[in-house]
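Per-entry structural report
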Amino acid sequence: MIPEIGQFSLILALSLAIAQTVIPLVGAHRGDAAMMGVARTAATGQFLFVAVAFACLTYAFLADDFSVLYVANHSQLSLPTLYKVSAVWGAHEGSLLLWIFVLAAWTLAVALFSSGLPAAFSARVIGVLGFLSVGFLLFAILTSNPFDRLVPAAVDGGDLNPLLQDPGLAIHPPLLYIGYVGFSVAFAFAIAAMISGELDRKWAKWTRPWTTVAWLFLTLGIALGSWWAYYELGWGGWWFWDAVENASFMPWLIGTALIHSLAVTEKRGLFTSWTLLLAITAFSLSLLGTFLVRSGIIVSVHAFATDPTRGFFILTFLAIVVIGALILYAWRAPALDSDVGFGLLSRETFLLLNNVLLVIATALVLIGTLAPLVVEMASGGKISIGPPWFNVAFLVPMIPLVILLGMGMHTAWRTQNAASWWRVLRIPAIVAVVLGVLIPLFVYGRISLLLVVGCASAAWIVISSLIQPVRSLWRKKGTAGITRSALGMSVAHLGMGLFVLGVTVVSAFGVESDQALSPGESIEVAGFEFHMVGLDNVQGPNFSAIEAEIEVRSDGEFIATIRPQKRQYLVQRSPMTEAGIRAGLDKDLFVALGDQLGNNTWSVRVQYKPLIRFIWLGALVMALGGLIAISDRRYRSKAREKAGDAVDAAEATA
Amino acid sequence: MKPRQQRMLAVGLAALGIAIAAGLTLRAFQDNMMFFVEVSDVVAGEYPKERNFRIGGLVVGGSMQRDEGSMDINFEVTDTACTIPVQYSGVLPDLFREGQGVVAHGRMGEDNVFQADKILAKHDEDYMAPEVADSLSKHQQDIQEAVVKGAAECRPNDS
């Protein structure tokens, strides 16, 4: 019964989504207030029914209703409750429902917080979001119904993929989807602006906080995915340039470019049509990512079991959305550009360079991701592009990006006096280069050009990000402090600096070693002694495992005991490596059990990963920066809109 | 700067950047592209000689061999028509087992044994790499039989 309610709710949600699309758009066109008013009601209703459907599926999992095919395939009686909940989005059908749910939630948020927007504009935004909902609801109902019944019902389920039975992965998809789908709001704002033909600095101001929120969730989602891959896949890498990773990374890169170009559009009324194009691209890449993941056309560790009709549906929808948006863009955007100038040495120039470099980076990732497809279609040869290519290619735009970043932060809008600019930046620049030499040489004992560039860039970003906040702390009484918006920017850039440092150090000084080890023996990796004390059998709720006890010493001094496990999940009969990690801010020590080589001997993968935590810490700090930026008072409330506008005007003329 | 100059600057920079990126991309692509070669083609000698490539197929039942306590492992991979021996040293993926799909990166050794430097197995019981599935379906042989016996008559010389 409950699954049928869910199914029925999905269909009702679809009808409401159609109403949410058609009525407000027609209403906005005709200037009919009553029709525009439908937008909010329909959006709320759509959200409620999607929420009911989502709750029904969750209930089916919690109640172990194995008469539902999806539940029978992806759950099991002894699965811990947390994973019964996360199993809802553990495979294709349910994760699509999560996508729909998140989209409905974003739409509801827009409906609730858009009272400050002109009625016709918010009606159009909600209408466009409704169109996206229609597409995905149709997709779910026609090709991927999570409520399909299994007759006769199974006695027990097939269990959730053991890899997904992990707290990190339980929240990774929701975070990622909030980010991914969040770009639909910027997209809808762009489409609405192009339909109405009205686009001014206010538009950018409305779009900015929404985009930043989406971006910060995407940042967290990607970082969490990377962290999960590190400890759960048992390989110890943090980024594999896998097609599906790239699929989430491309919208992030373009989203980052969008945040920066929105700043120019808001402050100076420039780059308008470019900003629109980025908003369209960011969401199109989210859709492309979905297509790549769902269609299974690309070889990936993440790929779901393949179904050509699904791929075809998404591809059609992708084509309609992207081509429609681009036609509208070609038609409307040229009229929206303004003719204001700026100096060669100005913040505008740096943000322009930021955008160019981020777009190049995205293009490189896109080329590398799609090349296997293109080659296969052109010549029939099946190729793959390895991580070494991405690692090298990606550095090309990234090195100038991080160097320019530190400069751009201290450059004024319109035009900057070169002499005073140099006065601010020369000491940070010298300190950064000195640190770039000292850190690798004295802390890690080896040096190369790339290491100096990496460490110096990291130091450069960190120092230049701290100048403004520190000055604000020591300012004279009565002078204005740093705005939340500027503080957010500094913090996010600081996070970037930490990230660059982590990547540089772990890439250069990380050590990985596969060796054989038996109880009573020791091996040495990166100056640490790993001593296997013994092996033990342990029982989990739905698995049994062999656990090794490994003591780590450095120069005879005890550091930690690491307990990696080799698990055997009882239902799927599949083995899984649960790495043992001694985590620290300065370094991680990582041991994973490989295969049983003989009676008591195991192959182990031992890794020493200095500063690897800085990679995720950096991402976290970046997201925190986003959070601080959206708390800026000019976004806060309608009542203060006027005050905020006055501040903007003052800033713009300052 | 005037708007027109701005646009010229933007277009110029973008064009320059894209040109550099395209050049580097193509150059580096050459070195990093790895072809997938079917087991039957490998046996027929049609594979890149001086560089790494990928093979894929099923691990032949009973073909896994390792000396006790050693990291080295030997096994055979079949596409149901032909079979090649593979040698690898290191930690195997969790879902690597006899009778299951596998992809290996590496190159052919002098002795006609494929020297793998990386082994990938699927992450999910229902999932098989599309290229492997493709390669298997092409030969239309009895998969069960191939897994148990290997394809005894079709294999590289000296192995």
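Preceding block: the structure.
All of the points below concern the structure found in this document. Keep in mind that this is a model prediction, so the values were computed, not measured.

**Things to note about the packing of aromatic side chains**
All names here are of chain A.
- Counted according to the given criterion, the structure contains 36 aromatic pairs over all chains.
- Measuring from ring centre to ring centre gives 5.5 Å for Trp239 and Phe249, while their planes differ by 65°; the resulting arrangement is edge-to-face. Within this pair, whereas Trp239 is found in the loop between helix H8 (201-232) and helix H9 (243-268), its partner Phe249 is found in helix H9, the two being separated by ten residues in sequence. Comparing Trp239 with Phe249, the two get one shared label, buried.
- Judged by centre distance (6.3 Å) and plane angle (75°), the rings of Phe271 and Phe342 are edge-to-face. Of the two residues, Phe271 sits in the loop between H9 and helix H10 (272-295) while Phe342 sits in the loop between helix H11 (308-332) and helix H12 (347-379), which places them 71 residues apart along the sequence. One exposure class covers both Phe271 and Phe342, and it is buried.

**Topic: the pattern of salt bridges**
Residues and elements named next belong to chain A.
- Tallied over the full model, the rule gives 15 salt bridges over all chains.
- In this structure, Glu4 engages Arg149 in a salt bridge whose closest nitrogen and oxygen atoms are separated by 2.7 Å. Residue Glu4 is located in helix H1 (residues 2-30), and its partner Arg149 is located in the loop between helix H6 (119-143) and helix H7 (167-196); the two are separated by 145 residues in the primary sequence.
- Note on Arg149: relative accessible area 33%, which makes it partly exposed.
- Glu512 is the salt-bridge partner of Lys609, the closest N and O atoms lying 3.0 Å from each other.

**Observations concerning the pairing of strand E6 (residues 114-121) of chain B**
Residue and element names in this part refer to chain B.
- Note that strand E4 (residues 83-89) and E6 share three bridges and pair parallel. Bridged to Tyr88 within E6 is Ala116.
- Here strand E5 (residues 101-108) pairs with E6 via seven bridges, running antiparallel. Note that in E6 the partner of Val102 across the bridge is Ala121.

**Re the environment of Tyr88 of chain B**
Residue and element names in this part refer to chain B.
- For Tyr88, the position within the fold is in strand E4.
- By relative accessible area, Tyr88 is classed as buried at 7%.
- As for Tyr88 and Val59, which are separated by 29 residues in sequence, their C-alpha atoms are 13 Å apart.
- Not counting residues within four places of it along the chain, the set of residues in contact with Tyr88 comprises Met71, Asp72, Ile73, Ala116, Asp117, Lys118 and Ile119.
- In this structure the side chain of Tyr88 is engaged in a polar contact, spanning 3.2 Å, whose partner is the backbone oxygen of Val91.

Calculation notes
- Residues numbered from 1 in each chain as written.
- Chains lettered and ligands numbered in written order.
- Predicted model: local features only at pLDDT ≥ 70, side-chain atom pairs only at ≥ 80, totals over all residues.
- Heavy atoms only, no water.
- Phe/Tyr/Trp six-rings, centres within 6.5 Å; stacked < 30°, edge-to-face > 60°.
- Helix = DSSP H or I, 4+ residues; strand = E, 2+ residues; numbered from the N terminus.
- Buried < 20%, exposed > 50% of the residue type's maximum accessible area, 1.4 Å probe, protein only.
- Salt bridge = Lys/Arg side-chain N within 4 Å of Asp/Glu carboxyl O.
- Pairing = 2+ DSSP bridges.
- Contact = heavy atoms within 4.5 Å.
- Polar contact = N/O pair within 3.5 Å; in protein donor to acceptor, adjacent residues only side chain to side chain.

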